[in-house]
Amino acid sequence: MGLLHSAQPWSPHHLIFIASPTSHAVLLLGEGRSWEMCKVLPNIKVRNGSSQGAGILGVHLEGPFISHEKRGAHPESHLRTFEAGAFQDLLKTYGSLDNVAIITLAPELTRSQEVIKELTSRGICVSVGHSVSHLGEAEAAVQSGARFITHLFNAMLPFHHRDPGIVGLLTSDKIPPGQQVFFGMIADGIHTNPAALRIAFRAHPKGLVLVTDAIPALGLGNGRHTLGQQEIEVDGLTCCVAGTKTLCGSVAPMDACIRHFLHATGCSVEMALEAATLHPAQLLGIEKKKGTLDFGSDADFVILDDSLNVKATYIAGEMVWHDKAFSH
């Protein structure tokens, strides 16, 4: 299941070892101008983690090929379409795709199916999101190769009984045989109501991937900070574009998301932990090395107490961080 309980107690708790959701990460980039993307992307290299910091599994490009209506905090002036050159438009915007793991796009955009097929053929995971897509358009995207939903319920059409939109992919009967659709959930207590978490979990538990949607302001406290070229305001766990009520990401760390998800859904500890470890590894096709504690997997893991607070982090078998009270 990707976790083990220790045989010896750590006073006054038992310890839980899980394949680490924090030792390696997919970095999220969004809302930049095309020339900025072309300049930044080559400098973000896929690499293994070490005592110097977390590894990078790739980049998640969220935008600018998204809906104007559901752009969220993405500046409208930066948005792009595929109408002129389809995949060539994407290459002009991003430049090199060498270190890209995931690209979010709105499947209702003209010629998006061409782009999805090309990206999939290159081994890049396509995610649908920031979209006003109807269910049929979302199903067509999956049939073209898309296999992820970016932060379910957020920045998409709300569920409707006659056309459930992207949300309907969780129970669609149009998914190609053998293909799995995964979906991200921001379980920070702000982006998604606990009832919505429960609906999604019960509809498709094996596809649920916990994501933080964290921004650089994580850990910096309340007040005004910057996100790209925008000023944002943090109040507790709520992050908004300054002067608005538009959410612009999260400042909840992954362990807090796991705890909230566990409490909100009433699922088992094992299922909550797998949503942060095994499922994202399966999405990226790296479950042979990441996301489990199976023999032969990379020795990247965290140690948690019974309350799921992080006590220590190991990368490649080396302890790179530990709580002051932790004894090993």
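Calculation criteria
Residues numbered from 1 in each chain as written. Predicted model: local features only at pLDDT ≥ 70, side-chain atom pairs only at ≥ 80, totals over all residues. Heavy atoms only, no water. Helix = DSSP H or I, 4+ residues; strand = E, 2+ residues; numbered from the N terminus. Contact = heavy atoms within 4.5 Å. Pairing = 2+ DSSP bridges. Axes fitted to C-alpha atoms, helices over the stretch in contact; angles between N-to-C directions. Disulfide = S-S within 2.5 Å. Buried < 20%, exposed > 50% of the residue type's maximum accessible area, 1.4 Å probe, protein only. Phe/Tyr/Trp six-rings, centres within 6.5 Å; stacked < 30°, edge-to-face > 60°. Arc of directions from axis to C-beta. Salt bridge = Lys/Arg side-chain N within 4 Å of Asp/Glu carboxyl O. Parallel < 35°, antiparallel > 145°, perpendicular 65-115°, else oblique. Left-handed = near helix turned anticlockwise from the far one by under 90°. Nonpolar A, V, L, I, M, F, W, Y, C, P; charged D, E, K, R; others polar.

**Student:** Any chance you could explain the environment of valine 26 here in plain terms?
**Tutor:** One can find valine 26 in strand E3 (residues 24-30). Distance in space between the C-alpha atoms of valine 26 and glutamine 179 is 22 Å, their sequence separation being 153 residues. Residues within four places of valine 26 in sequence aside, it is in contact with Leu57, Gly58, Val59, His60, Ile102 and Leu284.

**Student:** Is there a simple way to think about the sheet that holds strand E11 (residues 230-235) in this case?
**Tutor:** Each strand in a sheet pairs with another by means of backbone hydrogen bonds, the pair being arranged parallel or else antiparallel. Read across the sheet, 3 strands follow the order E10-E11-E12 without closing on themselves; strand pairing throughout is antiparallel. The open sheet has two free edges, formed respectively by strand E10 (223-227) and strand E12 (238-241), since each of these has just one partner strand. When strand polarity is set aside, the average angle formed by the axes of neighbouring strands in this sheet is 35 degrees.

**Student:** What's the story with the state of the cysteines in this structure? I'm lost.
**Tutor:** Note on terminology: a disulfide is the covalent bond linking the sulfur atoms of two cysteines. All told, the structure shown has 0 disulfides when counted by the stated rule. With no disulfide of its own, cysteine 125 has cysteine 257 as its nearest cysteine by sulfur position, at a separation of 19 Å. Judged by relative accessible area, which is 0%, cysteine 125 ranks as buried. Between cysteine 248, a free cysteine, and cysteine 239, which holds the nearest cysteine sulfur, the sulfur-to-sulfur gap is 5.5 Å. Looking at cysteine 248, the relative accessible area reads 6%, which means it is buried.

**Student:** Is there a simple way to explain the packing of aromatic side chains in this structure?
**Tutor:** For any pair of aromatic rings, the description consists of the separation of the ring centres together with the inter-plane angle of the planes. Per the counting criterion, the structure on display carries 4 aromatic pairs. A centroid spacing of 4.4 Å and a plane angle of 10 degrees characterise the contact between phenylalanine 65 and phenylalanine 82, whose relative ring orientation is stacked. Here phenylalanine 82 lies in the loop between strand E4 (55-62) and helix H2 (87-94) and phenylalanine 65 lies in the loop between E4 and H2, a separation of 17 residues in the sequence. We classify phenylalanine 82 as buried; its relative accessible area is 0%. Relative to tyrosine 94, the ring of phenylalanine 65 lies with its centre 5.9 Å away and its plane at 85 degrees, an arrangement referred to as edge-to-face. Here phenylalanine 65, found in the loop between E4 and H2, pairs with tyrosine 94, found in helix H2; they are 29 residues apart in sequence, far enough to count as distant. Here the two residues phenylalanine 65 and tyrosine 94 agree in accessibility, since each one is buried.

**Student:** What exactly am I supposed to notice about helix H3 (residues 112-121) here?
**Tutor:** The periodicity of an α-helix, 3.6 residues per turn, causes residues three or four positions apart to be oriented the same way. Taken together, the buried positions of H3 are Ser112, Val115, Ile116 and Leu119. The buried side chains of H3 occupy one side of the element, clustering within an arc of 100 degrees when seen end-on. In H3, the exposed residues that point more than 90 degrees away from the buried face are Lys117 and Ser121. Check the buried side of H3 and you find it contacts H2, strand E5 (100-105), strand E6 (125-128) and helix H4 (135-144).

**Student:** Explain the pattern of salt bridges to me, please; I cannot follow it from the model alone.
**Tutor:** If the charged atoms of two oppositely charged side chains come close together, the side chains can form a pair. Counted according to the given criterion, the structure contains 10 salt bridges. When the shortest N-O distance is used, the salt bridge between glutamate 231 and arginine 224 registers 3.1 Å. Through salt bridges with shared partners, one network takes in Arg224, Glu231 and Glu233.

**Student:** What should I look at first to understand the packing of helix H6 (residues 254-265) against helix H7 (residues 269-276) in this one?
**Tutor:** Packed helices, taken two at a time, are described by their axes: the angle between them and the distance between them. Following both chains from N to C, one finds H6 and H7 inclined at 140 degrees, their axes separated by 9 Å at the closest point. Judged on the interaxial angle alone, H7 and H6 are oblique. Judged by the twist between their axes, the crossing of H6 over H7 is right-handed. Mapping the contact onto sequence places Met254, Ile258, Phe261 and Leu262 in H6 and Val269, Ala272, Leu273, Ala275 and Ala276 in H7. Partitioning the contact of H6 with H7 into residue classes produces 9 nonpolar, no polar and no charged.

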